[in-house]
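# What the coordinates show
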Amino acid sequence: MATDSEKQCSEFSPGRIAVCGGGSWATAIAKILLSSQDSINWYMRRQDQIDDFLKLSKNPSYLTGLKFDTERINFTSKINEVVKNSDTLIFATPSPFLKMHLKKLRQSLKTKTVVTAIKGIVPDENLIVTDYFQQFLSVPKDNLVVLAGPCHAEEVALERLSYLTIACSNREKARKLACVFTNNYIKTSTTDDVTGIEYASVLKNVYSIAAGICHGLKYGDNFQAVLISNAIQEMQRFCNAVHPLHRSIDESAYLGDLLVTAYSKFSRNRTFGTMIGKGYSVKTAQLEMEMIAEGYYGTKCIKEINECYHVKMPIMDFVYNVLYNRASPILQVRALTELIR
C-alpha cells in the first residue's frame, strides 16, 4: 500500500519542466529530473553546444562521461520559446550572466514556477536571485523556489548518495517539488527559509575560497577546522542580521553545504582559492580554471551589502582584501589567525 507521501508525489504534476543553463550543475539537474519525468525542456544559450550534445548524446563541455537519451530532451537556444513551453523553469546559470540570459525575455514569468539553482548574487543590484525575479520580473513570492545542497554535480553524475534542500515560502509547494527531485540516490528536505538558504549558498562559496587560500599556503587540517567553525558562526550572524528568523545553522543546507564546498576536491571555489594561495593572480586563476568560481563575485556583493548591516565578518573581509585589494594572502591569513578562535 502506498504511503501518504508516495500518493502526494504520484498526484503532483509540475507540468513541463525546463532546465535553463548549460554547465555542470544544469547537466546534473537534468539527469535527476529524467529519473522522474518522461521528458524535459532544456535551454542553452549556444546553439553549437546543443548541436554537439545531440551528436554525442552528452554535454560536450561538462560532465562528459554522462550519457543522455536525447529523444527525451527538447533543446532550444531561444529563451522565449522555453518559457512559453514550460510551467516550471529551473535556472542553473552563473549569477553574473543571469541578466544576459534574461535580456531577450519577452514572455511573462508571472504564472510560472521559477526554481533557482544559482548559488550567487545578481551583481549591480546586489540582490539574491529570488529577490531579483520578484522585483524585476514580477514573479509571485509563492512561485519562487531555491534548490540548494549539499550536493556536487560530479557526485550526482556518479549516482553517489546526495542530498538536496528545496526552499519555498509555500511549504506545500516545496514538499511537492521535492518529489520531482527524489530518487534512489537523491534524498530531499524542505524549508521556508528562502532568503537564509540563498545567502548561505553565497557565503559558503566565499568561505570555500578562504579555505582554498589557506590550503594553498599549506595551513593544515587543524587550522582549517577552526576556520570553518568560525565561518559558520559568521554565516549565522549575517543571515540573522539580513533575515531574522529562527533557523538551525547546523542543518545540512547551511553547515553541510559549507563543509562540502570547503573540503571537496570537486569544489571550484576551493580550487580557485588554492590557486590564489599558491601565488596565482586572480585573472590567471580564472583563466586556468575555465569555470566560474561564484565566490569571487559573491565576495564583492556581500561586502557591499554588509555596509548596511555592519556584521562582524573577518573571514569575508580577508577574502575581499586578497581578491579585490590585492593584499598579500600570507599577511592577511596571519592577521586572521589573531581574530578567530
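Residues numbered from 1 in each chain as written. Predicted model: local features only at pLDDT ≥ 70, side-chain atom pairs only at ≥ 80, totals over all residues. Heavy atoms only, no water.

## Points about the overall build of the protein chain
Along its length, the protein chain carries 16 helices and 10 strands. At 20 Å, the protein chain has a C-alpha radius of gyration in line with the 20 Å of a compact globule built from 341 residues. C-alpha extents for the protein chain along the principal axes are approximately 55 × 45 × 40 Å. Residue burial in the protein chain is summarised as follows: out of 341 residues, 54% are buried. Across the protein chain, contacts joining residues at least 24 apart in sequence account for 69% of those joining residues at least 6 apart. Of the roughly 15,400 Å² of accessible surface on the protein chain, a fraction of 47% belongs to carbon and sulfur atoms. (Helix = DSSP H or I, 4+ residues; strand = E, 2+ residues; numbered from the N terminus. Rg over C-alpha atoms; globule rule 2.2 N^0.38 Å. Buried < 20%, exposed > 50% of the residue type's maximum accessible area, 1.4 Å probe, protein only. Contact = heavy atoms within 4.5 Å. Areas by Shrake-Rupley, 256 points an atom, 1.4 Å probe, with all protein chains shown as cover.)

## Focus: the nonpolar core
In a soluble, globular protein the nonpolar side chains are often hidden away together inside. Counting residues in hydrophobic clusters, the biggest one holds 55 residues, and the most contacted among them are Leu227, Met235, Phe272 and Phe318. Counting residues per element, this core draws most heavily on helix H9 (residues 194-216), at 13 residues. Discounting residues that sit within four places of it in the chain, Met235 has contacts with Ala200, Leu203, Lys204, Tyr207, Ile249, Tyr254 and Leu258. The next biggest cluster of nonpolar side chains, apart from the first, holds 39 residues, and it includes Ile50, Phe53, Ile73 and Phe75. (Core = buried A, V, L, I, M, F, W, Y, C linked by side-chain atoms within 4.5 Å.)

## Quick notes on the sheet that holds strand S1 (residues 17-20)
Spatially, the 8 strands line up as an open sheet ordered S3-S2-S1-S4-S5-S8-S9-S10, and their pairing is mixed. Edge positions in the sheet fall to strand S3 (73-76) and strand S10 (186-191), since each has one partner strand and no second. In this sheet, adjacent strand axes meet at a mean angle of 20° when their direction is disregarded. Of the strands in this sheet, strand S5 (113-116), strand S8 (144-148), strand S9 (162-168) and S10 are in contact with H9, which crosses S8 at around 40°. (Pairing = 2+ DSSP bridges. Axes fitted to C-alpha atoms, helices over the stretch in contact; angles between N-to-C directions.)

## A short note on the side chain of Asn143
Within the element layout of this structure, Asn143 appears in the loop between helix H6 (129-137) and S8. At 3.0 Å, the side chain of Asn143 and the side chain of Lys173 are in polar contact. With residues near it in sequence (within four places) discarded, Asn143 still touches Lys110, Thr111, Lys112, Thr113, Val114 and Lys173. (Polar contact = N/O pair within 3.5 Å; in protein donor to acceptor, adjacent residues only side chain to side chain.)

## Thoughts on the packing of aromatic side chains
Per the stated rule, a full pass over the model turns up 14 aromatic pairs. A cation sits over an aromatic face here: Lys303 above Tyr320, 5.4 Å from the ring centre. (Phe/Tyr/Trp six-rings, centres within 6.5 Å; stacked < 30°, edge-to-face > 60°. Lys NZ or Arg CZ within 6 Å of the ring centre and 35° of its normal.)

## Considerations on the pattern of salt bridges
Evaluated as defined, the whole model comprises 12 salt bridges. Note that Arg46 and Asp48 form a salt bridge whose closest N and O atoms lie 2.9 Å from each other. What makes Asp48 partly exposed here is its relative accessible area of 40%. Measuring nitrogen to oxygen at the nearest pair gives 3.0 Å for the salt bridge that ties Glu172 to Arg175. Of the two residues, Glu172 and Arg175 both sit in helix H8 (residues 171-181), 3 residues apart, roughly one turn of that helix. (Salt bridge = Lys/Arg side-chain N within 4 Å of Asp/Glu carboxyl O.)

## A word on the confidence of the model for the protein chain
Close inspection of predicted coordinates is inappropriate for parts of the model with low pLDDT. Averaged over every residue, the pLDDT of the protein chain is 94; the share at 70 or more is 96%. Confidence drops under pLDDT 50 across residues 1-7; counting only partners more than four residues distant or on other chains, this segment forms 2 contacts. (pLDDT = per-residue confidence, 0-100.)

## Notes on the layout of surface pockets
Size it by volume and the largest pocket reaches roughly 890 Å³. Along the wall of the largest pocket there are 38 residues; nearest its centre are Gly23, Ser24, Ala92, Pro94 and Arg268. Elements with a minimum of two residues in the lining of the largest pocket: helix H2 (24-33), helix H5 (98-102), helix H7 (153-157), H9, helix H11 (252-263) and helix H12 (268-277). Taken together, the residues that form the lining of the largest pocket break down as 16 nonpolar, 13 polar and 9 charged. Every residue lining the second largest pocket is counted, 13 residues in all, and those nearest its centre are Ser281, Val282, Val322, Leu323 and Arg326. Secondary-structure elements contributing two or more residues to the lining of the second largest pocket are helix H13 (282-289) and helix H15 (314-324). (1 Å grid on protein atoms, 1.4 Å probe; cavity = no way out; pocket = protein on both sides within 12 Å on 5 of 7 lines; lining within 4 Å. Points joined across faces, edges and corners; volume = space filled by probe spheres on them. Nonpolar A, V, L, I, M, F, W, Y, C, P; charged D, E, K, R; others polar.)

## Let's talk about helix H14 (residues 294-309)
Three- or four-residue spacings in an α-helix give side chains the same orientation, since the helix completes a turn every 3.6 residues. Counted at 1.5 Å a residue, the expected span for H14 with its 16 residues is 22 Å, and the 22 Å between its end C-alpha atoms agrees. When we look at burial in H14, the residues that qualify are Glu294, Gly295, Tyr296, Gly298, Thr299, Cys301, Ile302, Ile305 and Asn306. In the core, the buried residues of H14 are packed alongside strand S6 (121-122), H9, helix H10 (221-242), H12, H13 and H15. (Expected span 1.5 Å × (residues − 1).)

## Comments concerning H8
Taken together, the buried positions of H8 are occupied by Lys173, Ala174, Leu177, Ala178, Cys179, Val180 and Phe181. One side-chain oxygen of the residue at the start of H8 lies 3.1 Å from the amide nitrogen of Glu172, identifying that residue as Asn170.

## Here we look at unusual backbone geometry
For the peptide bond that leads from Gly149 to Pro150, omega is 10°, which places it in the cis range. Relative to the elements of secondary structure, Pro150 occurs in the loop between S8 and H7. With phi around 65°, Ser57 is a residue other than glycine that occupies positive phi space. One can find Ser57 in the loop between helix H3 (47-56) and S3. Even without a glycine there, the phi angle at Asn126 is positive, about 55°.

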